Amino acid sequence: MLRLLARRTRAQWPLLAALLAIVTIGATLLGTCALLVTRTATQALEVVAARADADDVKATAYTVAVRSSDGRSVAADTRDVLTSALAPFPTTTTTRASSVMRSLPIGPEVGGMPAETYLSGLDDLPARALLAAGRWPRATTDPAAAPEAVVLESTARMLKLSPGSRVHLGEERSLEPGRALDVTVVGVARPLPGTGWDRDPLAGAGYDLAYQDGRSTVHAYGPFLVDLADLYASDSVLGRLEVTARPDLSHPERRDLDAVTRNVADADRRLERALADRVRIQRVESRLPLTLDHARQQQQVTAAAVLAVAVLGCVLAATALALAGRLTAGVRTAESTLLSALGVGRGQFAAAATVEGSALAVLAGAIAIPASSASHAGLTHLPPLSGAGLAVGPGVNGAQVLAVAAGAVALAAVLVVLAIRRAPDGGERHHRRELLARSGADLLLVALAAIGWWQMDAQPTGSGARADAVRVLAPALVLTAGAALALRVAPHALRGVDRLARKARGLAFPLAAIEAARRSHAMAAGLLIGLACAAGTFGIALNATWERSQRDQADLSVGTDLTLTLAAAPRAADGAAVTAATGGTASPAVDRGIAVGQWIGSAGEPPRLVAVDTTRAGALLRGRLDGDRTWADVGAALAPPAPAAGVPVPAGAPLAITGTATGGTPLAVTPRLLLQDATGLRTACNGETIPLDGRTYRLPDCAPVDGLRLVAVVLPVAGLPGAAGGDIAVTLTVPGAAPASPWTATSAPPEPGQIARPAVAVTGTSAGTRLTMTATVQLTGPEVAARTLVASAFPDPGPVPVAVSTRFADELNVHKGSELSLSIGTTPVTIEVAEILPTVPGAPGAAAILADVDTLSRALAVTGNLEFPMDAWWVGKPARADAAARAADLYLGAVSTRAAEAARLAGSPPSAGLPAALRLLVPAATLLLFAGVVLHVTFDLRVRAVEVARLRGLGMYRREIRAVLLGQHAGILLPLLMAGAVVGALATHLVAPLMVRSDTGAAPVPAVVSTWPWAAEAALLAVLLAGCVLAATVVVVAQANRADAAHLRVTS
Amino acid sequence: MSGDLAGGPLVTVRGVHRSFGSGPTAVHALRDVSFDVTAGTMVALVGRSGSGKTTLLNIVGGLDHPDAGTVVVDGAEVTGLDDDGLSQLRRAKVAYVFQTFGLIPVMTAAENVGVPLRLARMPTAERERRVELLLELVGLADHGEQRPAELSGGQQQRVAIARALAASPRLVIADEPTGQLDAETGLSVMALLRGVVESEGVTVLVSTHDPVMMALADRVMRMHDGQVDP
């Protein structure tokens, strides 16, 4: 038998080579996918770690209430804990500490308000601040000497300090107060944005005139930045001591990252043990485990999709082998019959088939291992893997070898099963049985596909990232079932053509149609061709769908083209700077969690408030909307009826205020002004308390830049205890002329009745524009009453119109026209639902509210709250290519862009595996399709050689024979290709949106929309068609040329 | 060139040589074969397997080319025709009946008979009438919609004869038409061919081993080792 096998191999080597090629393609696809989900996945995690933002991998230990004498040891022990948790990666650490508040005897006291200050020490101060004057502080060597200190510019300005100033700091405000001490100011510094000043007790502002120190409201100034050694020696209680460790992850190993993830999670417990009772509270915080877990989740999402592609490739290869096996059995029918007649049993046939199959599996495996390594290496050198930093040379790993071996054996087993299957007896009963079995198999396939699709469709929107069998198998099931169904339809269509062709007068068309419609083996390659075409078109469409979803997610996630999330409070000049840097439409934006009434959200997610200048919503907002609505339409429904004109305030203009009051007791006001720039940014300018004594007072420099307009003035009225009140008249004079604009006066809640007859008049004089505000103030009555007169360049907006997300509307059961109350800080604002949106830009999938930032600010201002709600700058349509870099150079905060987010989602190392696998699927499907076509037409050549010769005997010209054969193959291949494309399109519509998940494994927001890239699909179909035509033409020409007497001689 | 050759030779073969292969292993299938076939007669070509019968028939029908010699059929020199000319000759003047019937398996009996008529682009209605007549002639009027696999061997060969007669050829070449049939069926097929010669006036050149066939032929030519016995 072995000798027979050897001889048969020599005689049928082209056929065996075709079988080997198909097994090799299938095994190579599996091996490559195995490398993508193992080697590339591991490397992706390492690249994510290496590329992570420093803030995402640092670990910070916070300790509270440390005695200064313990400061040094606590810092050292904390450093040890962090460094060991991050081992074996080299780590750099920084320390910052701040004392608790202590009294500041030199501080100005207004209305009896005390002043406080504090000490801070940073071991990397020069990296966090810019020296404006003097020098950095040095550690004092003489214990009796006053420590050297640097103060921030704003502190220096408020306290009138300069290098050389000596400041006496009083005792600490604690149960065991540290002693008073003097410090010598040696420098003045400007804090650098984005360098951690948000951790400063005064957030780097330098002062706070309404600081809550836990017992009362005080004026707070500081910090006095001293050397850490001096801080430890200052006999202060360290209110905060922070140690930050930054690991160097430039060359990470997967196992080290896994170890660090575990160690950082355990660092809290170790720190508690190490510090014991030297601190009151300690905590270690690090986003490193979260960053790595997020990358792992992304990998799992990608792995599920890559495995689905691998299964699809495997089904394709098995289908190709089934075809090849059937054709091989057909070719060997005579040989098998002869051997059976000579007494060869089924066992011997099975043994021979197993030997042949095993040899094919071994050979295919031996080729597929290096081929898959090379294919994987090639893929990694193409985008997006190359762009994700995942390019590698060819390599072999265990999972790959296992996948290749299993794939080759499984595919070879298909051949063995087909070879030892009992040959059909050709009887009617057998034919019926076969038809019944095939129908049953088709039905089972359709049922499984339907269940798979239903399972995918029903998976929860927040399902996990881990790959499950349904997500892996369902796409292949749906495509195979679709191709099988299409194969059932194709013969009916061909029979229609057959009926039509019979009426024709000539022979070529009818004969081609009859051969295509009636020949039993005509559709032998149908499933493979249909499935391969469906898989190829589906692969391209899935890739396009996935890419579009990434862009859609990025659009909605960022919400606009460029965002700049503020690290510190905005300044009046920022709007012009952002506009100049980006060249786009800039708007102040709110993006924060809020409480709506008593509702603070569900599942730990507070409702989100997003507010921008909605008069420019069309230019600012991004994200897919439903129906024909545009963001401009939505914005128009939310925007205020008219802009606030206000009173122009020239840069550096001296603002003067004067006031009078009737009654016997003196009254005073603390004027607060609200100014607006061209971008809509509003900044408050607070004046000192002035008595209403008829004298003129100068307000602070409220307009540091040009282009500001005064839009509101708030005058809290105060008097000495026992005062009854009276009529007040306050006049604010702004240099320069102002166009006439309506102003409104009101009394701020609560208890607005304490101020009666509020009024405001705007007049132009030679000295400038005068705002005269009058009212009758009643100081008696409830203590909680505000007694605040508000004059504004806009009326009370009433309920703020908002658009809410569908989720918000569903969770709160609200609809258009519903009124709700939300809290901005401590101020309640009434809102009215004007629109319901699928989702709100910047808050994808969240219960969120979209509002106009101007209207929100107006609603706050009329209550006397001049806080301008702002968390970020949103910029639409930036004109400059380097807008992001220039915005970052402003040091206002973190910059993110829609384009960068889309690139991150589509090209992040853990996600890049899917498009790579799809790039592999399309050529693999194409190759297998061509293999099927070649097998099909070659088999036809063998079967019909004599018939074609007889047609020549009947007088057909060779060209007519060629036309008949080509027509016949075209009649079969074209409908199959078209049917495959239709199946691919349907599968894209049904399955592709369900296969695309967000990087956490949840359903993406916005919902995925299937995409059918016509140009790419047309190109693929053109290639498939050209390949089919070429293969068929070559074989047909050879067949027609060989149709001569020699063939007739064989049988006749 | 197809003049009135009634009683004259329809086929003239002169000095035909045909060999396969070359050198010492060459097989000389035909050696200096010459003969005439009178129009309207049935000539039986007999001889053992390998004697050159099929080669000679293929050369007369233009399916094969002789190494030397000439063949003239109905005034047309077959050996001088190009590929298209040979096809035209078979389409208009020469028809084949194969030992294995040579029917197109996916076509019905009627469709098979209609193949030469479609090649001649005969109008559909006329074609259908002609097919009906021919099926009636061969006794298969009720089997027109059956496919070859649904017919017996004799019925299939009758269909093949009907197809051969469809385009009214001058010459029918039949290569062992009863080779796959039992004696009784073979006799009926031979009787049919004989009847066709007499009723349609066509010339039949048939190779056979069948003595009955020889008895029905007007002339018997014996072949031996590539030569026609005198």
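Residues numbered from 1 in each chain as written. Chains lettered and ligands numbered in written order. Predicted model: local features only at pLDDT ≥ 70, side-chain atom pairs only at ≥ 80, totals over all residues. Heavy atoms only, no water.

(A) Broad picture of the overall build of chain A. Looking only at helices and strands, chain A has 28 helices and 37 strands in total. For chain A, the C-alpha radius of gyration of 40 Å lies well beyond 31 Å, the compact-globule estimate for 1052 residues. Burial statistics for chain A: of 1052 residues in total, 52% are counted as buried. A separation threshold of at least 6 residues defines the contact pool for chain A, and within that pool the share at least 24 residues apart is 81%. With an accessible surface of roughly 43300 Å², chain A has 60% of that area assigned to carbon and sulfur atoms. On chain A, the mean spot of the 91 positive side-chain charges and the mean spot of the 84 negative ones are 15 Å from each other. (Helix = DSSP H or I, 4+ residues; strand = E, 2+ residues; numbered from the N terminus. Rg over C-alpha atoms; globule rule 2.2 N^0.38 Å. Buried < 20%, exposed > 50% of the residue type's maximum accessible area, 1.4 Å probe, protein only. Contact = heavy atoms within 4.5 Å. Areas by Shrake-Rupley, 256 points an atom, 1.4 Å probe, with all protein chains shown as cover. Lys, Arg positive; Asp, Glu negative; His and termini not counted. Charge placed at Lys NZ, Arg CZ, Asp CG, Glu CD.)

(B) How the structure looks around the packing of aromatic side chains. With the rule as written, the count across this model stands at three aromatic pairs over all chains. With a centroid separation of 6.0 Å and 80° between ring planes, the pair formed by Trp599 of chain A and Phe808 of chain A is classed as edge-to-face. Linking Trp599 of chain A in the loop between β17 (595–596) and β18 (608–612) with Phe808 of chain A in helix α20 (residues 806–812), this pair joins segments that are 209 residues apart in sequence. Phe808 of chain A matches Trp599 of chain A in its accessibility class, with the two residues each being buried. Ring centres of Tyr96 of chain B and Phe98 of chain B lie 5.4 Å apart, and the angle between their planes is 10°; this geometry places the pair in the stacked category. Owing to a relative accessible area of 3%, Tyr96 of chain B belongs among the buried residues under this scheme. (Phe/Tyr/Trp six-rings, centres within 6.5 Å; stacked < 30°, edge-to-face > 60°.)

(C) Summary view of the state of the cysteines. All names here are of chain A. Per the stated rule, a full pass over the model turns up one disulfide over all chains. Covalent S-S linkage joins Cys685 and Cys702, the inter-sulfur distance amounting to 1.8 Å. Measuring the twist about the S-S bond at about -70°, one finds the Cys685-Cys702 disulfide to be left-handed. You can see Cys685 sitting in strand β23 (residues 682–686) and its partner Cys702 sitting in the loop between β25 (693–698) and β26 (708–719), a full 17 residues away along the chain. An identical accessibility class is assigned to Cys685 and Cys702; each is buried. Of the cysteine sulfurs around Cys1028, a residue in no disulfide, the closest is that of Cys533, at 8.5 Å. (Disulfide = S-S within 2.5 Å.)

(D) The arrangement of helix α2 (residues 83–92) of chain B in detail. Within α2 of chain B, burial applies to Gly85, Leu86, Ser87, Leu89, Arg90 and Arg91 of chain B. Where α2 of chain B is buried, its residues contact α24 (913–953) and α25 (958–990) of chain A together with β4 (68–73), β5 (76–77), β6 (94–97) and α3 (109–119) of chain B.

(E) Local environment of the UniProt feature "domain: ABC transporter" (unreviewed entry) in chain B. Within this structure's numbering, the places UniProt gives as "domain: ABC transporter" (unreviewed entry) are residues 11–230 of chain B. End C-alpha atoms of residues 11–230 of chain B are separated by 17 Å, and the span's content is 37% helix alongside 26% strand. (UniProt positions renumbered as here; feature names shortened; annotations may be inferred.)

(F) Layout of the sheet that holds strand β10 (residues 207–212) of chain A. Residue and element names in this part refer to chain A. Read across the sheet, four strands follow the order β3-β4-β11-β10 without closing on themselves; strand pairing throughout is mixed. Taken across any chain shown, the strands that pair with only one partner, and hence form the sheet edges, are β3 (102–103) and β10. Bridge analysis of β10 against strand β11 (residues 217–221) gives four bridges, and the strand direction is antiparallel. In the strand pairing of β11, Tyr211 is matched with Val218. (Pairing = 2+ DSSP bridges.)

(G) View of the side chain of Thr24 of chain A. Residues and elements named next belong to chain A. Residue position: Thr24 is located in helix α2 (residues 13–51). Given a relative accessible area of 11%, Thr24 falls into the buried group. Excluding residues that lie within four positions of it along the chain, Thr24 makes contacts with Ala364, Ile367 and Ala368.

(H) Structural detail: the packing of helix α16 (residues 526–558) of chain A against helix α23 (residues 898–907) of chain A. Residues and elements named next belong to chain A. It is the contact of α16 with α23, at a shortest axis distance of 8 Å, that shows an interaxial angle of 140°. Comparing the axis directions of α16 and α23 gives the class oblique. Relative to α23, α16 is oriented so that their crossing is right-handed. Here Trp546, Gln550, Arg551, Gln553, Ala554, Asp555, Ser557 and Val558 of α16 come into contact with α23, specifically with Arg898, Glu901, Ala902, Leu905 and Ala906. Across the contact of α16 with α23, the residue classes tally to six nonpolar, three polar and four charged. (Axes fitted to C-alpha atoms, helices over the stretch in contact; angles between N-to-C directions. Parallel < 35°, antiparallel > 145°, perpendicular 65-115°, else oblique. Left-handed = near helix turned anticlockwise from the far one by under 90°. Nonpolar A, V, L, I, M, F, W, Y, C, P; charged D, E, K, R; others polar.)

(I) How the structure looks around the domain arrangement of chain A. Considered domain by domain, chain A is made up of domain 1 (2–47 + 294–554 + 907–1051), domain 2 (101–235), domain 3 (568–640 + 798–891) and domain 4 (647–792). Computed over C-alpha atoms, the centres of domain 2 of chain A and domain 4 of chain A are 33 Å apart. (Domains from an automatic or database assignment.)

(J) Layout of the sheet that holds β5 of chain B. Residue and element names in this part refer to chain B. Across the sheet, which stays open at both edges, the four strands sit in the order β2-β1-β4-β5 with antiparallel pairing between neighbours. What marks the edges here is a single partner per strand, and that holds for β2 (27–38) and β5. Both β4 and β5 contribute to a ladder of two bridges, which runs antiparallel. Opposite Val72, over in β5, you have Glu77 as the bridge partner.

(K) Geometry of the nonpolar core. All names here are of chain A. Leu316, Leu479, Ile529, Phe538 and Leu929 are the most contacted members of the largest nonpolar core, which totals 101 residues. At 14 residues, α24 tops the list of elements feeding residues into this core. Those residues in contact with Leu479, other than ones at most four positions away along the chain, are Leu312, Leu531, Ala534, Ala535, Phe538, Val983, Gly984 and Ala987. Among the nonpolar cores identified, the runner-up in size contains 52 residues, and Phe89, Val151, Leu161 and Leu288 belong to it. (Core = buried A, V, L, I, M, F, W, Y, C linked by side-chain atoms within 4.5 Å.)

(L) Seen up close, the pairing of strand β36 (residues 872–876) of chain A. Residue and element names in this part refer to chain A. Most of β36 is tucked away, with five of its five residues classed as buried. Side chains Ala872, Trp874 and Gly876 of β36 all project onto a buried face; the interleaved residues Trp873 and Val875 project onto the opposite face, where all are buried too. Sheet topology places strand β15 (residues 562–566) next to β36; four bridges connect them, and they run antiparallel. Bridged to Leu564 within β36 is Trp873. Pairing of strand β16 (residues 585–593) with β36 involves five bridges; the strand directions are antiparallel.

(M) Looking closely at unusual backbone geometry. Residue Pro88 of chain A is bonded to the preceding Ala87 of chain A through a cis peptide linkage, with omega at 10°. In this structure, the amide linkage connecting Gly222 of chain A to the following residue, Pro223 of chain A, adopts the cis form with an omega of 10°. Relative to the elements of secondary structure, Pro223 of chain A occurs in the loop between β11 and β12 (224–226). Even without being glycine, Tyr891 of chain A reaches a positive phi, approximately 55°. Relative to the helices and strands, Tyr891 of chain A is located in the loop between α22 (883–888) and β37 (893–897). Overall, Tyr891 of chain A belongs to the partly exposed group, its relative accessible area being 47%. Positive phi is not limited to glycine here, since Asp74 of chain B has a value of about 50°.

(N) Looking closely at the packing of helix α5 (residues 153–166) of chain B against helix α6 (residues 183–200) of chain B. Residues and elements named next belong to chain B. At a minimum axis separation of 10 Å, α5 and α6 run at an interaxial angle of 15°. One way to sum up the angle between α5 and α6 is to call them roughly parallel. The handedness of the crossing between α5 and α6 is right-handed. Facing α5, whose interface residues are Gly154, Gln157, Arg158, Ile161 and Leu165, α6 presents Thr185, Ser188, Val189, Leu192, Leu193 and Val196.

(O) View of the pattern of salt bridges. Residue and element names in this part refer to chain A. What the rule picks out here adds up to 53 salt bridges over all chains. Between Arg269 and Asp266 there is a salt bridge whose closest N-O contact spans 2.8 Å. Residue Arg269 and its partner Asp266 are located together in helix α8 (residues 254–275), separated by three residues, close to a single helical turn. Note that Asp552 is salt-bridged to Arg624, the shortest N-O span being 2.4 Å. (Salt bridge = Lys/Arg side-chain N within 4 Å of Asp/Glu carboxyl O.)

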